[in-house]
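Summary of structural features
Read off the chains here:
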Amino acid sequence: MVIAGQFPHLTFAFGLMGNIVSFMVFVSPLPTFYKIYKKKSTEGFQSIPYVVGLFSAMLWIYYALLKGNAMLLITINSVGIVVQTFYLAVYVFYAPKKAKMESLKLIILFIVIGFGLIVLLTQLLTKGAQRGVIVGWVCLVFALCVFVAPLGVLRQVIKTKSVEYMPILLSLALTLSAVMWFFYGLFLGDLNIAIPNTLGFTFGIIQIILYFVYKNKKPVIDDKVIDFKEKVSEMDEASVPEVKDQHIVDMVKLNALIRSENVPNPHGVAVVRTPIVANNTPEVPA
């Protein structure tokens, strides 16, 4: 690239700002894990985002070491490895047995097998600059897949007209991070860094636009939820006659009890009556 290496100060500035914003993104799940720690339960949270985050950080460090002259890429991803490892350790410690086993399987699949094979094959089958090019393409493709992942959230927002599951602060941070790393890659002359972040910036802008479009909209309730509420309403209506019938029976019993008080007791036998109480539990007076 013609622009590569011509603006070292801008390269450093965007790389430094990228480190700062990315660090904020890395620590954003801390409230979630504090909640997990307090409740001693993962409460249905998934571990895959943190496994993918750990795999991505390891992959970018490997690429930066092969490429050289990318210290700012190494610093932030080193922090990423520490933070994501901490998240996974807490998750696995408090997760139920099934979720714990699934998390361990993901760690083995991504970290041990996936990353291990990438390092092993590139070290054995490639040499010199070719090794960095291949790992760079792997990083590029994986980064594109990560940036495409929020499409499911965008679809959900449009379908439900609700931004409940798309926090605006995280969307802003991710968009700003993509901008910083795009310009860092551009001034560094590294398309493997710049290209994926153009997609990240684009999706980030779309998320922000959707947030402001739908933030005051009335959410659309799913048809299944409506059907469920209608069935519950029908069941409640069906139970009303039964309640009325029970009230009639109670009134008949009460009337019979009152009449029994006026019946003479020729034999002088003591009668023990069961008082009517709120919870329908018989009480025998001492």
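Residues numbered from 1 in each chain as written. Predicted model: local features only at pLDDT ≥ 70, side-chain atom pairs only at ≥ 80, totals over all residues. Heavy atoms only, no water.

Things to note about the overall build of the chain
Spelled out, the test is: Strands are runs of DSSP state E lasting at least 2 residues, helices are runs of H or I lasting at least 4, and numbering of each runs from the N terminus. Between buried and exposed lies partly exposed: a residue is buried under 20% and exposed over 50% of the maximum accessible area for its type, with that area taken using a 1.4 Å probe on protein chains only. Working rule for contacts: check all heavy atoms of both residues, and any pair within 4.5 Å makes them a contact. Accessibility throughout is a Shrake-Rupley quantity obtained with a 1.4 Å probe, and a residue counts as covered only by protein chains that appear here.
The secondary structure content of the chain amounts to 10 helices and 0 strands. When its helices and strands are written in sequence order, the chain yields α-α-α-α-α-α-α-α-α-α. Within the chain, the proportion of its 286 residues that are buried is 33%. Of all intrachain contacts in the chain linking residues separated by at least 6 positions in sequence, the fraction that spans at least 24 positions is 74%. Total accessible area on the chain is roughly 18,700 Å²; 70% of this is exposed by carbon and sulfur atoms.

Some remarks on the layout of surface pockets
The test is simple: Buriedness for pockets is judged along seven lines, at least five of which must meet protein on both sides within 12 Å for an open set on the 1 Å grid over protein atoms alone, while cavities are sets there where a 1.4 Å probe fits but cannot get out, and lining residues have an atom within 4 Å of a point. Grid points are joined across faces, edges and corners, and a volume is the space filled by probe spheres set on the points. When residues are sorted by character, Ala, Val, Leu, Ile, Met, Phe, Trp, Tyr, Cys and Pro go into the nonpolar class, Asp, Glu, Lys and Arg into the charged class, and all the rest, Gly among them, into the polar class.
Size it by volume and the largest pocket reaches roughly 2,000 Å³. What lines the largest pocket is a set of 50 residues, and nearest its centre among them are Val25, Pro49, Val146, Leu170 and Leu174. At the level of elements, α1 (8-27), α3 (48-67), α4 (71-94), α6 (128-148), α8 (168-188) and α9 (191-214) are the ones that each hand at least two residues to the lining of the largest pocket. For the lining of the largest pocket, a count of residues per class yields 33 nonpolar, 16 polar and 1 charged.

Here we look at the environment of Ala57
Looking at where Ala57 falls in the secondary structure, it is placed in helix α3. With relative accessibility at 1%, the residue Ala57 sits in the buried group. With 19 residues separating them in the primary sequence, Ala57 and Ile76 have C-alpha atoms 8.4 Å apart. Once residues lying within four places of it in the same chain are set aside, the contact partners of Ala57 are Asn77, Gly80 and Ile81.

Considerations on the confidence of the model for the chain
For clarity, the cut-off: pLDDT expresses, on a scale from 0 to 100, how confident the predictor is about each individual residue.
Scored by pLDDT, the chain has a mean of 80; 74% of the residues are at 70 or more. Per-element confidence in the chain ranges from a low mean pLDDT of 51 for helix α10 (residues 223-261) to a high of 95 for α4. Within the model, pLDDT remains below 50 along residues 260-286, and this stretch shows 12 contacts once partners closer than five positions in the same chain are excluded.

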